[in-house]
Amino acid sequence: MLILLAVNTLSIMLVNAIANAQSKVPPCSHTLSGYVTDEHDGMPLEYAAVYIVELKIGGVSDSSGFYKVNGLCSGTYTVRVTHIGCDTVYEKLTLTQSMISNFQTEHHVEELERITISASRLNDETTTPRKQVAAYRLNETKGEVFAATLRSVTGINMLTTGATISKPVLHGMHSNRLLIINNGVRQEGQQWGTEHAPEIDAMNVGNLQVIKGASSVQYGPDAMAGVIIAGAPAMADSAGVSANVLLSGWSNGRGMASAVNLKGKLGKRFPLAWQVNGTLKKTGDMHTPHYNLKNSSTQEVNFSYALAYRMRKISTEVYYSQFNTKLGILSASHIGNVTDLLQAFNSDTPQVTGDFSYDIGKPFQDVQHELFKTKTYILTGTASKLELQYARQYNKRAEYDKHGSKTNDDLPEMQLEITTHSADMIWHHNRFSEISGMVGVSGFLQSNTIEGRLIIPNYKTTNAGVFIIEKWKHNNWLAEVGARYDFRKISIYKYDYVSAGNYVLTTPEHTFNNTSINAGLSYSDQKGWSFNLACGMAWRPPSVNELYSYGLHHGAAAIEKGDSQLQAETTYNISPELRYQNAIIELELNPYMHYITDYVYRQPESKPVITIQGAFPSFQYKQADALLYGSDLTCKLTPAFSTQLVYTASLVRAQNLESNTWIINTPSDRHALELRQNLKDGKRSKSAYVAVTVSHTNKQWRVSANEDFTPPPPSYALVELVASTTLLYKQQSVTVVTGINNLTNNSYRDYMDRFRYYANAPGRNIYIRLIFNFL
């Protein structure tokens, strides 16, 4: 609470600074900025022209749909938004300060009946904080893992398993509490595992958004912390063929990656658009400042293709993608006996190191993920549409132990296969007497099988839900309410030990059902102030691993024990957000709080466990009422047109209310300060900048003595450099991004790294990325 008080005090100081800044803002220094997106699917529209008619000036949106017009005086203007294939949009705006205004337009208006812009925008507005990752931030992380693409979002941390596996954490929650929507479909794999990274091709992400706060009403259980929405690259919007090629290389691990995006569209009489993507990635052993991380190599081969056909009143699309990766697991994480394990815990150097290699030896993971989706829109009048979607996902995870199979060394020790069929039907109605909204039903059927070592049993899951969300907008106010009911049934198939060589099949079932409720209110004015308040109740049934895990989870290098008596979690949450923007300062303050009944967590047991595969730390799933709270802060100063200073801070606290202790494995406090210098556009170049970032991660002090196998690692600071420019040649362009991570080659261990017990994090990394655009 003291931290929150400090943050709030800081915000008051910043507000005072804003008031002072307002009085110093010179005339004609306002900005108009925002995003231009396709109403049809929410995809960003690149090269949309936003033009101030009276002033004859304007701007063009980038690949994320973002536009900005500088040097505006106070007054009322006519804004004209144009884009190839779209109707021209006109809107009157009154500026007294810098202003954010988003525009949506029906991208295929020549085929579909027009839906009024005002109503379309209303459907996209929400009272829950939503952040979009800028296109240049995506370019900076091309070639890295999916979780790394989100690190510019305040409040996002990474839960890592060594140098090869990362998954996002939002406000201290991850896995089955943080839902990922991949190209419109909720990602379903083995996401329950803390060392199971999202099976998403980061180089094939066209746009990325994060919804902060429980969003279970629209997306169902598992969205307690929020939702990450990863969209595929936009389909072609005009006849012809274009291509995008990425080449990337980096020093730490001597890695390399390439990606190709090829897309096109046939003529107006046959409006068929198509797209093909392919990516390759390979990296060798990573290294810390003093030693190599043996067996930290990775390989990745992915591809996807899509077709879309849009007619006057109906539009349909088909999408297929395949993700394939092979991930080495740090050799030093698999220890032979308890004595060596305890020695590894207390050593600064891993027990196994070695020379650099691209080889991936045991232990390793081999993961495949398929996604097939078909989606159809049908206009059901002049102001409504029906959305139908079916998706099938197949996920295969093979984990190979260091000591191999007893019968065949080529067989994995454990293989999991999960198939998910999901269907959604949503009816959207646009603005009617200032009210818009949607009504929908959704469900999925899922079956999971396991071969080899049984860490979890075979099971089937059935889930069905129905929801309604309505929004009311009047002048500067927006109110939102929603409710959802879900039913979930989990059927278990497992063999229980009776006697030597004697097992009996048991089929326990678990049923859960509950209601999620959400309400919110937002206000924005012409002076740059806006305020959001979202609150509600959401729930999550326990996952199968939390109920029935028992044994060695080799990828995590840990023994895990579930509890079949666990109950569903319920969270009561509140998340306000205060925003302000003018020509000099941008401020966002987002405190949040979750009171969660029956919160499920992993508790380390007092002693490691020795098995025939070696000695490993042991964890037991437990449940208690908990309070999670914290705050995100972003403050952006623009003292000069080309210079920008950005400060971000993320604080999270997690308390076990029954034992009155802190919950372990909660992210540490993080602060970062970035200085960015934008450079002037030239005849053959544009969008050039240089930036340096200093980030500080505090030691996690809120861990009770002897609660973990080793004490939390000390605080550390990292320095990063990045520079970028886009070079132009006729209709073609190439974007060059280069930078250095961990510039000072600092030795450190991160508290959220599960392999911090054994080794340091990777050291300095120099990278370069070339992104060619062929039109």
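The structure displayed is predicted, hence computed values, not measured ones.

Q: So, the overall build of the protein chain: which residues are in play, and what are the values?
A: Secondary structure summary: the protein chain contains six helices and 43 strands in total. Counting all 775 residues of the protein chain, 56% fall into the buried class. Within the protein chain, residue pairs in contact and separated by at least 24 positions form 66% of the contacts whose partners lie at least 6 positions apart. Only carbon and sulfur atoms are counted for the fraction: they give 58% of the accessible area of the protein chain, which is about 31,300 Å².

Q: Hey, could you go over the sheet that holds strand β6 (residues 89–95) for me, with residue numbers and the actual values?
A: Strand order in the open sheet made by the four strands is β3-β2-β5-β6, with antiparallel pairing throughout. What marks the edges here is a single partner per strand, and that holds for β3 (57–60) and β6. The mean inter-strand angle of the sheet, taken between neighbouring strand axes irrespective of direction, is 25 degrees. Pairing of strand β2 (residues 49–52) with β3 involves four bridges; the strand directions are antiparallel. When the bridges of β3 are listed, Tyr-51 appears paired with Gly-58.

Q: Run through the pattern of salt bridges, naming residues and quoting values.
A: Counted under the stated rule, the structure contains 30 salt bridges. The salt bridge involving Arg-392 is made with Glu-370; its shortest N-O contact spans 3.7 Å. On the criterion of sequence distance, the pair formed by Arg-392 in strand β22 (residues 384–400) and Glu-370 in strand β21 (residues 364–379) is long-range, its members being 22 residues apart. Look at Glu-370 and you get partly exposed, because its relative accessible area is 22%. With its nearest N and O atoms 3.6 Å apart, the salt bridge here joins Glu-399 to Arg-397.

Q: Talk me through the sheet that holds strand β15 (residues 226–231); I want residue IDs and the actual numbers.
A: Taken in spatial order, the five strands make up an open sheet running β9-β14-β15-β12-β13, and their pairing is mixed. This sheet does not close on itself; its edge strands, each paired only once, are β9 (130–132) and β13 (185–186). In terms of strand pairing, β9 meets strand β14 (residues 207–212) through three bridges, oriented antiparallel. Counterpart to Gln-132 in the pairing with β14 is Gln-209.

Q: Got a sec to walk through the nonpolar core? Specific residues and values, please.
A: In this structure, Phe-146, Leu-150, Leu-208, Val-210, Ile-228, Tyr-599 and Leu-628 are the most contacted members of the largest nonpolar core, which totals 27 residues. Elements with a minimum of two residues in this core: β12 (178–182), β14, β15, β33 (585–604) and β36 (618–640). Ile-329, Leu-330, Ala-558 and Ala-759 belong to the second largest nonpolar core, which has 20 residues in total.

Q: Can you break down the packing of aromatic side chains residue by residue, with the values?
A: By the definition in use, this model includes 20 aromatic pairs. Judged by centre distance (6.1 Å) and plane angle (40 degrees), the ring pair of Phe-345 and Tyr-758 falls under tilted. Of the two residues, Phe-345 sits in helix α5 (residues 338–345) while Tyr-758 sits in the loop between β42 (732–741) and β43 (765–774), which places them 413 residues apart along the sequence. Of the two residues, Phe-345 and Tyr-758, both sit in the buried class. On the basis of an interplanar angle of 80 degrees and a centroid distance of 5.0 Å, the ring pair of Phe-356 and Tyr-358 is categorised as edge-to-face.

Q: A description of the environment of Ala-344 should follow, citing residues and the corresponding values.
A: Take Ala-344: it is sitting in helix α5. Not counting residues within four places of it along the chain, the set of residues in contact with Ala-344 comprises Ile-335, Gln-351, Tyr-757 and Tyr-758.

Q: Let's hear about unusual backbone geometry: which residues, and what values?
A: In this structure, the amide linkage connecting Lys-362 to the following residue, Pro-363, adopts the cis form with an omega of 5 degrees. Relative to the assigned elements, Pro-363 resides in the loop between α5 and β21. One non-glycine residue, Asn-660, lies in positive phi territory at about 55 degrees. Among the structural elements, Asn-660 can be located in the loop between β37 (643–656) and β38 (661–662).

Q: Please give an account of the confidence of the model for the protein chain that cites residues and values.
A: Confidence along the protein chain averages 86 in pLDDT terms, with 89% of residues attaining 70 or more. Note that pLDDT drops below 50 for residues 1–26; the model gives that stretch 29 contacts with residues more than four away or on any other chain. Low pLDDT (under 50) marks residues 108–123, which in the prediction has 61 contacts with non-local residues, meaning those over four places away or in another chain.

Q: Tell me about the side chain of Asn-157, and name the residues and values.
A: For Asn-157, the position within the fold is in strand β10 (residues 156–161). Here Asn-157 falls in the buried class, since its relative accessible area comes to 7%. Among residues more than four places away in sequence, those in contact with Asn-157 are Lys-167, Pro-168, Val-169, Ser-650, Pro-667 and Arg-670.

Q: Explain the pairing of strand β29 (residues 529–540) to me, using residue names and the numbers behind them.
A: With eight bridges connecting them, strand β28 (residues 509–524) and β29 associate as antiparallel partners. Bridge pairing in β29 places Ala-519 opposite Cys-535. Between the end of β28 and the start of β29, which pair antiparallel, lie four residues, with Gly-528 showing a positive phi angle near 100 degrees. For β29 and strand β32 (residues 569–581), the ladder comprises 12 bridges, and the chain directions are antiparallel. Following the sheet pairing, Ala-534 is matched in β32 by Ser-575.

Q: Report on the side chain of Gln-620, specifying residues and quantitative values.
A: Tracing the sequence through the fold places Gln-620 in strand β36. Among the residues examined, Gln-620 registers a relative accessible area of 18% and is labelled buried. Within the local environment of Gln-620, its side chain forms a polar contact with the backbone oxygen of Lys-561, the two atoms lying 3.2 Å apart. Beyond its immediate sequence surroundings of up to four residues, Gln-620 is in contact with Lys-561, Gly-562, Asp-563, Tyr-601, Arg-602, Gln-603 and Glu-605.

Q: Summarise the environment of Thr-339; cite the residues concerned and give the values.
A: Relative to the helices and strands, Thr-339 resides in helix α5. As for Thr-339 and Ala-615, which are separated by 276 residues in sequence, their C-alpha atoms are 8.6 Å apart.

Cut-off values and rules
Residues numbered from 1 in each chain as written. Predicted model: local features only at pLDDT ≥ 70, side-chain atom pairs only at ≥ 80, totals over all residues. Heavy atoms only, no water. Helix = DSSP H or I, 4+ residues; strand = E, 2+ residues; numbered from the N terminus. Buried < 20%, exposed > 50% of the residue type's maximum accessible area, 1.4 Å probe, protein only. Contact = heavy atoms within 4.5 Å. Areas by Shrake-Rupley, 256 points an atom, 1.4 Å probe, with all protein chains shown as cover. Pairing = 2+ DSSP bridges. Axes fitted to C-alpha atoms, helices over the stretch in contact; angles between N-to-C directions. Salt bridge = Lys/Arg side-chain N within 4 Å of Asp/Glu carboxyl O. Core = buried A, V, L, I, M, F, W, Y, C linked by side-chain atoms within 4.5 Å. Phe/Tyr/Trp six-rings, centres within 6.5 Å; stacked < 30°, edge-to-face > 60°. pLDDT = per-residue confidence, 0-100. Polar contact = N/O pair within 3.5 Å; in protein donor to acceptor, adjacent residues only side chain to side chain.

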